[in-house]
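Commentary on secondary and tertiary structure
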Amino acid sequence: MHKEAAIREPLILGHKTYHQITEDVCKPIEDKAPRTWYVLFAIAAIIGLYGVGCILYLLGTGIGTWGLNKTVGWAWDITNFVWWVGIGHAGTLISAVLLLFRQKWRMAINRSAEAMTIFAVFMAGLFPLIHMGRIWVAYWVLPLPNQFGSLWVNFNSPLLWDVFAISTYLSVSLVFWYIGLIPDFATLRDRIKKPIPKKMYSMLSFGWSGKAKQWNRFELVSLVLAGLATPLVFSVHSIVSFDFATSVIPGWHTTIFPPYFVAGAVFSGFAMVQTLLLVMRKAMKLEAYIHTKHVEYMNIVIMVTGSIVGVAYLTELFVSWYSGVEYEAYAFINRATGPYWWAYWSMMTCNVVSPQLMWFKKLRRSLLFTFIISIVVNIGMWFERFVIIVTSVHRDYLPSSWSMFYPTHIDIGVFVGTIGLFFVFFLLFARFFPVLALNEIKSILRSSGESYKDGTATSPAYSLADQGLANATKPIETKKEVKEDKTAETSVKEESKDTSGLFDKIGTATADEKDDLKKINGLGPVMETKLNEIGVFTYAQIAKMGAAEYAMLDELTGTMPGRAEKDDWAGQAKELMNNNDNK
């Protein structure tokens, strides 16, 4: 087993066994869905149905129901298309690129990110289909035999490259996602008792039995697909950027678009992953597997890609001035000072300023701050696409043809509807599929599990129930072993430390007043037992601790120095006390 450096934070908190990991991941699927899930699903379904209604009305009436005009031929729909494709980037990056680099932290988030990718690409694909106007002849974008007529697609058009790039990206992502699910479907198949779900998971698992040969092929196929998917991360949004860069319109005709679009796509994709995971970890009680370290790693990616996007914005401004082309310069002046100035400055604030706050470690590790920033980033990235598309075409070479674009209720309804449909798909995924890569997480338990890193594990990763040894008999102790145990116990008692200084500030409590201290992140069952032994039983006691008390606690327990202060046990205890008061 690979031994991790002690300085690395654990990726699985608490004293978990393989069996407990299975229970934690399968429980939301096996149990009845909570009322909150039904409420969220109903809201998402209503919004999605409204969007479907707008799409049907649009198809029946024509795209004249959009706010387009003779100057602005691309607007709201293409903005949304590029935005959704961008969101779909993080899933393949987390799954493929981080797999090739053997990053263990991906295992807690890759499954949800992959699902997000697929659903986002579904939503993105709707907009080009609708924009065709005659969706029933969408097959015309494909190369067809002469029997279908003499109409052939234009292979010189980047719009056709979009069709091939995105369909390839979707296909590889879908296969990659499904291959990873097969072992977990087999786990559900073996656990579930109801005949219909059992049959469904049995079909989905393709007869997986967990043999060494199957795992070997699973690893091989995963690596091959990761190798195929990695170039797609960079190619798909590069090709989307060619829709603009190959034109001769000021503000679009620039070689910086491909790398700038890829960085922006990863930027917005990781922000959406953060939004979804922070809600899901709380709702599904997965705090032990998705915690501050995962959030911090993703925030570092957001910070780096956000900085790249900021440099790209500044580079565009510099090149527009340095080129000496007055039309190019005016395109950027118009963005910043024209009638859409509010969209431009919203973009700059959300995409350039907000990610720089991640340089502060306290903010980078704050779950609430991360959740807010993740939403802010995706708002900013939507404005970026809107600014690039609309402000570049609403004022062209002739002032006589200048016009403004205003979205209609159909424009807005279709976009909002796709958000509703996206969450319908994601909620169904979270209800019936394992949201964590169950078997992959187990593979890092012995190297990255908290209790195995700090040496407090009191039992092997396999519990007796896991090994089918629940009724195993306890080995008979010899008289010599009993004598040695008693000698050790006496030695511990003699070496017990003075605890009076600790309780001068935090006060005393009894076992009758005991709180469930394991609810504090970073405080597992072993540590809870040690705290109880020295007299710490309640949240109120921990809430009064400061740096001096933390130091005394480290000395008394002798495990993981600095853990209490790093995880802010006092702050967590206060929050738990407030939650109890509000109930």
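About the thresholds
Residues numbered from 1 in each chain as written. Predicted model: local features only at pLDDT ≥ 70, side-chain atom pairs only at ≥ 80, totals over all residues. Heavy atoms only, no water. Helix = DSSP H or I, 4+ residues; strand = E, 2+ residues; numbered from the N terminus. Contact = heavy atoms within 4.5 Å. Axes fitted to C-alpha atoms, helices over the stretch in contact; angles between N-to-C directions. Parallel < 35°, antiparallel > 145°, perpendicular 65-115°, else oblique. Nonpolar A, V, L, I, M, F, W, Y, C, P; charged D, E, K, R; others polar. Phe/Tyr/Trp six-rings, centres within 6.5 Å; stacked < 30°, edge-to-face > 60°. Lys NZ or Arg CZ within 6 Å of the ring centre and 35° of its normal. Salt bridge = Lys/Arg side-chain N within 4 Å of Asp/Glu carboxyl O. Buried < 20%, exposed > 50% of the residue type's maximum accessible area, 1.4 Å probe, protein only. Expected span 1.5 Å × (residues − 1). pLDDT = per-residue confidence, 0-100. Polar contact = N/O pair within 3.5 Å; in protein donor to acceptor, adjacent residues only side chain to side chain. Left-handed = near helix turned anticlockwise from the far one by under 90°. Core = buried A, V, L, I, M, F, W, Y, C linked by side-chain atoms within 4.5 Å.

**Notes on the overall build of the chain**
What the chain contains, in helices and strands, is 26 helices and zero strands. Sequence-distant contacts in the chain: of pairs separated by 6 or more residues, those separated by 24 or more amount to 79%.

**Structural notes on the packing of helix H11 (residues 326-337) against helix H12 (residues 341-353)**
Look at H11 against H12: their axes get within 5 Å of each other, and the N-to-C directions meet at 90°. On the basis of their axis angle, the class for H11 and H12 is roughly perpendicular. Along the contact surface, H11 presents Arg335, Ala336 and Thr337, while H12 presents Trp341, Tyr344 and Trp345. Of the residues belonging to the contact of H11 with H12, the class tally is four nonpolar, one polar and one charged.

**Some points on the packing of aromatic side chains**
In this description, an aromatic ring pair is defined by two values, namely the gap between the centres and the angle between the planes. In total, this model carries 49 aromatic pairs according to the counting rule given. Ring geometry for tyrosine 178 against phenylalanine 206: centres 6.0 Å apart, planes inclined by 90°, an arrangement best described as edge-to-face. Residue tyrosine 178 is found in helix H6 (residues 158-191), and its partner phenylalanine 206 is found in the loop between helix H7 (195-204) and helix H8 (212-245); the two are separated by 28 residues along the sequence. Above the plane of the ring of tyrosine 297 lies lysine 293, whose end atom (NZ or CZ) is 4.8 Å from the centre. The aromatic ring of phenylalanine 332 is capped on one face by arginine 335, whose charged end is 4.7 Å from the ring centroid.

**Examining the pattern of salt bridges**
Overall, the coordinates contain 14 salt bridges when judged by the stated rule. Taking the shortest distance from any N to any O, the salt bridge between arginine 191 and glutamate 23 comes out at 3.1 Å. One end of the pair, arginine 191, is in helix H6; the other, glutamate 23, is in helix H1 (residues 18-30), with 168 residues separating them in the sequence. Arginine 191 gets classed as partly exposed once you look at its relative accessible area, which sits at 21%. Taking the shortest distance from any N to any O, the salt bridge between arginine 191 and glutamate 30 comes out at 2.7 Å. One end of the pair, arginine 191, is in helix H6; the other, glutamate 30, is in helix H1, with 161 residues separating them in the sequence. Glutamate 30 sits in the partly exposed class, given a relative accessible area of 31%. Three or more residues joined by partner-sharing salt bridges are found here, namely Glu9, Lys293, Glu296, Arg364 and Arg365.

**A few points about helix H2 (residues 35-61)**
The end-to-end C-alpha distance of H2 is 39 Å, a good match for the 39 Å that 27 residues give at a rise of 1.5 Å each. Listing the buried residues of H2 in full gives Trp37, Ala44, Gly48, Gly51, Cys54, Ile55 and Leu58. In this fold, the buried residues of H2 make contact with helix H5 (110-131) and helix H15 (409-432). Note on H2: the residue one or two positions beyond its end, glycine 62, has a positive phi of about 115°.

**Brief notes about the confidence of the model for the chain**
Close inspection of predicted coordinates is inappropriate for parts of the model with low pLDDT. Looking at the chain, pLDDT values average 82 and 88% of them are 70 or higher. This model gives residues 463-497 a pLDDT under 50, and the stretch forms 15 contacts once residues within four places in sequence are excluded.

**Digging into the side chain of glutamine 541**
Positionally, glutamine 541 belongs in helix H23 (residues 539-543). Overall, the relative accessible area of 2% leaves glutamine 541 in the buried class. Looking at glutamine 541, its side chain comes within polar contact range of the main-chain oxygen of glycine 535, at 3.2 Å. A polar contact is formed between the side chain of glutamine 541 and the backbone nitrogen of threonine 538, at a distance of 3.1 Å. If near-sequence neighbours (up to four positions away) are discounted, glutamine 541 is found in contact with Phe503, Ile506, Gly507, Thr508, Ala509, Gly535 and Val536.

**Considerations on unusual backbone geometry**
Its identity as a non-glycine residue notwithstanding, arginine 102 has a phi of 55°, on the positive side. On the basis of relative accessibility, which here comes to 52%, the residue arginine 102 falls in the exposed class. In this structure, phenylalanine 206 is a non-glycine residue whose phi angle is positive, near 55°. The exposed category is assigned to phenylalanine 206, whose relative accessible area is 64%.

**A look at the packing of H8 against helix H9 (residues 257-283)**
As a packed pair, H8 and H9 sit with axes 8 Å apart at the nearest point and diverge in direction by 125°. Here H8 is positioned oblique relative to H9, judged by the angle of their axes. Seen along the crossing, H8 lies across H9 with a hand that is right-handed. Here Val233, Phe234, His237, Ser238, Ser241, Phe242, Phe244 and Ala245 of H8 come into contact with H9, specifically with Phe257, Pro258, Phe261, Val262 and Ala265. Residues belonging to the contact of H8 with H9 are distributed by class as follows: 10 nonpolar, three polar and no charged.

**Here we look at the nonpolar core**
Core analysis: the biggest nonpolar cluster contains 129 residues, and Trp84, Tyr260 and Phe270 have the highest contact counts within it. Those residues within four positions of phenylalanine 270 in sequence are excluded, and the remaining contacts are Ala90, Leu93, Ile94, Trp105, Met298, Val301 and Ile302. Core analysis: the second largest hydrophobic core is formed by 21 residues, Phe503, Met545, Ala564 and Trp569 among them.

**So, the environment of proline 258**
Counting through the fold element by element, proline 258 comes out in helix H9. Expressed as a C-alpha distance, the spacing of proline 258 and phenylalanine 244, which sit 14 residues apart in the sequence, is 10.0 Å. Not counting residues up to four positions away in its chain, the partners in contact with proline 258 are Ser238, Ser241 and Phe242.

**Notes on the side chain of serine 95**
With respect to the helices and strands, serine 95 occurs in helix H4 (residues 89-100). A residue is classified by how much of its surface remains accessible, and serine 95, at 1% relative accessible area, is buried.

**Details of H11**
Between its terminal C-alpha atoms H11 stretches 16 Å, which fits the 16 Å expected from 12 residues at 1.5 Å a residue. Inspection of H11 places Glu328, Ala331, Phe332, Asn334, Arg335 and Ala336 among the buried residues, and these make up the whole buried set. Lining the buried residues of H11 we find helix H10 (292-322), H12 and helix H14 (367-393).

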